[in-house]
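Examination of the molecular architecture
The lines below spell out each chain.
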Amino acid sequence: MEQLTAVHKSSKQDTFEGVDFYQVDDLLTEEHLLIRSSIRDFVKKEISPYIEDWAQRAHFPYEIVKKFGDVGAFGPQIPAEYGGGGLDYIAYGLIMQEIERGDSGMRSTASVQGSLVMYPIYKFGSEEQKHKYLPKLASGEMLGCFGLTEPDFGSNPSGMVTNFKDMGDHYLLNGAKMWISNSPKADIAVVWAKNEAGRIHGLIVERSMEGFSTPETHGKWSLRASATGELVFDNVKVPKENLLPGKSGLGAPMMCLDSARFGIAWGAVGAAMDCYESARKYAAERIQFDKPIGSFQLIQKKLAEMLSEITKAQLLNWKLGKMMNEGKATTAHISLAKRNNVAMALDIAREARQIHGGMGITGEYSMMRHMMNLESVITYEGTHDIHLLILGHEITGIPAFK
Ligand code: TGC
Ligand code: FAD
């Protein structure tokens, strides 16, 4: 249970200056660099000093929602006329990278809002829905969540049983969703459910609707500063104007996932950079056998491999971002980056933890928190193996998931 103690502000200074071995910054525009710098400063001021305390107490800092809105972290890729940032996908990726350097749970809050709530409303919503919800979601006046996964349908969402019936003047929604980021605090949920013909549609469900509840999931060892919960629909009357009219079928939520998985591919690099930087500094300072541990070949091997993997992932992200901007990126392209970069970040978090020895298991350093967070990141938005199967399908033309 959350303790009612005052927030403990870390006295440690966040001095992160980036990792750029291959001068990838040369590929970015002035605008990209400015955006990254402003989000980096935001993370140093609003996340780094408090995140250890929030995570230890499994506390979701609701006040961060408005702050994310103010700094432009919600829907940067959504056009400005709806309150979004009107930015390109590389800018969006950089924002996710910087936030996840702070914490994957914080990035979850931002990427769910931008890619899984604002994006479907922008892409498939009516003009009325866009004007009603998008500016408030962009500013952080409203928080949203995305309900696709069910207790019995995770990797296989097409089997979902949550359903709605046409009652003439409204829809009647029944069923349950599980593992939903932001759900306990969300004002609205974009929910995927089947109609009487078994066709999947998106519906906007508001917290105030009778029969709708969002029980919180407790006891997580991962993403502890992110609020996760269920969505329970017990004969919820949903107004007909809350159905997203623009697209039906599994392809609709899958398009949202393409955008969110792209953000995760960038976010994971942020977590990896934070772990690498911490390990590099610790290796220079920690003395064993009368020398800095960074002078030992085995430690140098770990650091060299970390930097190599981060550099490859940065280049992968930049090229994928260009392809997203040009409308050329496919689901398989995005799967490759999400799968590669999250596994890379998890490996780096584990290796960096080892470089810190016993100190690495404490909250004095960030690696253990990143490592546990990344166990969720490697599972959500398609597990590591599901992304491998998406690539296998692309290569062979044969879907192996069923
Ligand atoms: P499949 O037969 O391949 O496709 C069914 C229909 O969907 C279409 N489609 C797409 N359309 C557009 N864009 C895409 N990316 C699409 N992917 C599929 C497809 O063309 C087909 O259309 P039609 O008209 O022919 O019917 O579908 P399948 O049932 O075999 O499933 C394929 C599989 C396993 C790859 C897919 O279901 C999958 O990706 N599963 C993983 C589930 C997943 O990623 N869940 C994520 C839940 S949300 C979440 O985790 C948020 S965490 C957020 C945070 O905190 O940051
Ligand atoms: P399962 O699908 O049961 O998979 C279990 C294992 O079986 C995995 O290793 C998987 O790779 C493997 N497997 C499954 N099918 C196959 C196959 N065909 N071939 C080989 N191996 C297979 N969902 C949302 O809708 N919205 C959210 O906001 C959201 N947030 C989340 C937050 C957290 C912290 C977590 C942990 C999850 C979240 N999810 C969310 C759910 C997430 O997307 C699912 O957990 C994920 O898709 C996997 O589903 P599952 O947990 O049911 O695992």
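About the cut-offs
Residues numbered from 1 in each chain as written. Chains lettered and ligands numbered in written order. Predicted model: local features only at pLDDT ≥ 70, side-chain atom pairs only at ≥ 80, totals over all residues. Heavy atoms only, no water. UniProt positions renumbered as here; feature names shortened; annotations may be inferred. Helix = DSSP H or I, 4+ residues; strand = E, 2+ residues; numbered from the N terminus. Rg over C-alpha atoms; globule rule 2.2 N^0.38 Å. Buried < 20%, exposed > 50% of the residue type's maximum accessible area, 1.4 Å probe, protein only. Contact = heavy atoms within 4.5 Å. Areas by Shrake-Rupley, 256 points an atom, 1.4 Å probe, with all protein chains shown as cover. Lys, Arg positive; Asp, Glu negative; His and termini not counted. Charge placed at Lys NZ, Arg CZ, Asp CG, Glu CD. Pairing = 2+ DSSP bridges. Near = heavy atom within 4 Å. Polar contact = N/O pair within 3.5 Å; in protein donor to acceptor, adjacent residues only side chain to side chain. Domains from an automatic or database assignment. Buried area = accessible area lost by both parts, 1.4 Å probe. Salt bridge = Lys/Arg side-chain N within 4 Å of Asp/Glu carboxyl O. Core = buried A, V, L, I, M, F, W, Y, C linked by side-chain atoms within 4.5 Å. Patch = residues over 30% accessible without salt bridge, like charges linked within 9 Å, V, L, I, M, F, W, Y side chains within 5 Å. Phe/Tyr/Trp six-rings, centres within 6.5 Å; stacked < 30°, edge-to-face > 60°.

As annotated in an unreviewed UniProt entry, the protein chain carries the name glutaryl-CoA dehydrogenase (ETF) and comes from Mongoliitalea lutea. Recorded in UniProt for the protein chain, the comment headed Catalytic activity (unreviewed entry) runs: "glutaryl-CoA + oxidized [electron-transfer flavoprotein] + 2 H(+) = (2E)-butenoyl-CoA + reduced [electron-transfer flavoprotein] + CO2". On record in UniProt, under Sequence similarities (unreviewed entry), the comment for the protein chain is "Belongs to the acyl-CoA dehydrogenase family."

1. A short note on the overall build of the protein chain
A count of helices and strands for the protein chain gives 11 helices and 9 strands. Since a compact globule built from 402 residues should have a radius of gyration of about 21 Å, the 21 Å found for the protein chain is in line with a globular shape. When the backbone C-alpha atoms are referred to their principal axes, the protein chain occupies close to 80 × 55 × 40 Å. By residue count, 53% of the 402 residues in the protein chain fall in the buried class. Long-range pairs, those at least 24 residues apart, make up 75% of the contacts in the protein chain between residues at least 6 apart in sequence. Accessible area for the protein chain stands at about 17,700 Å²; split by element, carbon and sulfur atoms hold 54% of it. Taking the average place of the 43 positive charges on the side chains of the protein chain and the average place of its 49 negative ones, the gap between the two points comes to 3 Å.

2. A closer look at the pairing of strand S3 (residues 170–181)
Across 4 bridges, strand S2 (residues 163–166) lies against S3 in antiparallel orientation. Paired with Asn 163 across the two strands is Asn 174, which belongs to S3. Bridging between S3 and strand S7 (residues 228–239) involves 9 bridges; their strand directions are antiparallel. In the sheet register, Ala 176 faces S7, and the bridge partner there is Val 232.

3. Focus on the site of ligand 1
The immediate surroundings of ligand 1 are formed by 28 residues, with Ser 108, Ser 181, Arg 261, Thr 331 and Lys 402 found nearest. With respect to ligand 1, the backbone of Gly 251 contributes an N or O atom lying 3.3 Å from an oxygen atom. Tyr 380 is positioned such that a nitrogen or oxygen atom in its side chain is 3.3 Å from an oxygen atom of ligand 1. Alone, ligand 1 offers 1,200 Å² of accessible surface; in the complex the protein occludes 71% of this. At the level of secondary structure, the elements contributing two or more residues to the shell around ligand 1 comprise helix H5 (104–124), helix H7 (251–285) and helix H11 (384–396). For the shell around ligand 1, the element with the highest residue contribution is H7, accounting for 6 residues.

4. Description of the domain arrangement of the protein chain
Domain annotation of the protein chain identifies domain 1 (14–139), domain 2 (144–242) and domain 3 (251–396). Averaged C-alpha coordinates put domain 1 and domain 3 at centres separated by 18 Å. Contacts between the two partners involve 36 residues from domain 1 and, on the opposite side, 38 residues from domain 3. Roughly 3,100 Å² is buried in total at the junction of domain 1 and domain 3, and carbon and sulfur atoms are behind 66% of that figure. At the junction of domain 1 and domain 3, the tally comes to 3 salt bridges. Linking Arg 101 and Asp 274 is a salt bridge whose minimum nitrogen-to-oxygen distance equals 3.0 Å. Our enumeration of links across domain 1 and domain 3 arrives at 13 residue pairs in polar contact (both at pLDDT 80 or more). When contributions to the side of domain 1 that touches domain 3 are tallied by element, the ones reaching two or more residues are helix H2 (51–56), helix H4 (89–102) and H5.

5. Here's the deal with the nonpolar core
In this structure, Ile 121 and Trp 192 are the most contacted members of the largest nonpolar core, which totals 63 residues. With 9 residues, H5 is the largest single contributor of residues to this core. Of all hydrophobic cores here, the second largest spans 37 residues; its members include Ile 299, Leu 303, Leu 374 and Tyr 380.

6. A word on the site of ligand 2
For ligand 2, the set of nearby residues contains 17 residues, the closest of which are Phe 146, Thr 149, Ser 155, Trp 179 and Thr 383. At 2.9 Å, a backbone N or O of Phe 146 approaches a nitrogen atom of ligand 2. Starting from 980 Å² of accessible surface for ligand 2 in isolation, the protein chains cover 67%. Only S3 and H11 provide two or more residues apiece to the shell around ligand 2.

7. Here we look at a nonpolar patch on the surface
The grouping of Phe 21, Tyr 22, Leu 27 and Leu 315 at the surface amounts to a nonpolar patch, some 410 Å² of accessible area in total. Relative to the helices and strands, Leu 27 is located in the segment before helix H1 (30–47). What makes Leu 27 partly exposed here is its relative accessible area of 36%.

8. Quick word on the packing of aromatic side chains
All told, the structure shown has 16 aromatic pairs when counted by the stated rule. Plain terms: the ring middles of Tyr 82 and Tyr 122 are 5.9 Å apart, the flat faces sit at 55° to each other, and that makes the pair tilted. Here Tyr 82, found in the loop between helix H3 (64–71) and H4, pairs with Tyr 122, found in helix H5; they are 40 residues apart in sequence, far enough to count as distant. The exposure class assigned to Tyr 82 is buried, which follows from its relative accessible area of 5%. Under the relative-accessibility criterion, Tyr 122 is labelled partly exposed at 24%. Aromatic pair Tyr 119 and Phe 124: ring centres 6.5 Å apart, planes at 85°, arrangement edge-to-face. With relative accessibility at 10%, the residue Tyr 119 sits in the buried group. An aromatic cluster is present here, built from Tyr 89, Tyr 92, Phe 262 and Trp 266 joined pairwise through their rings.

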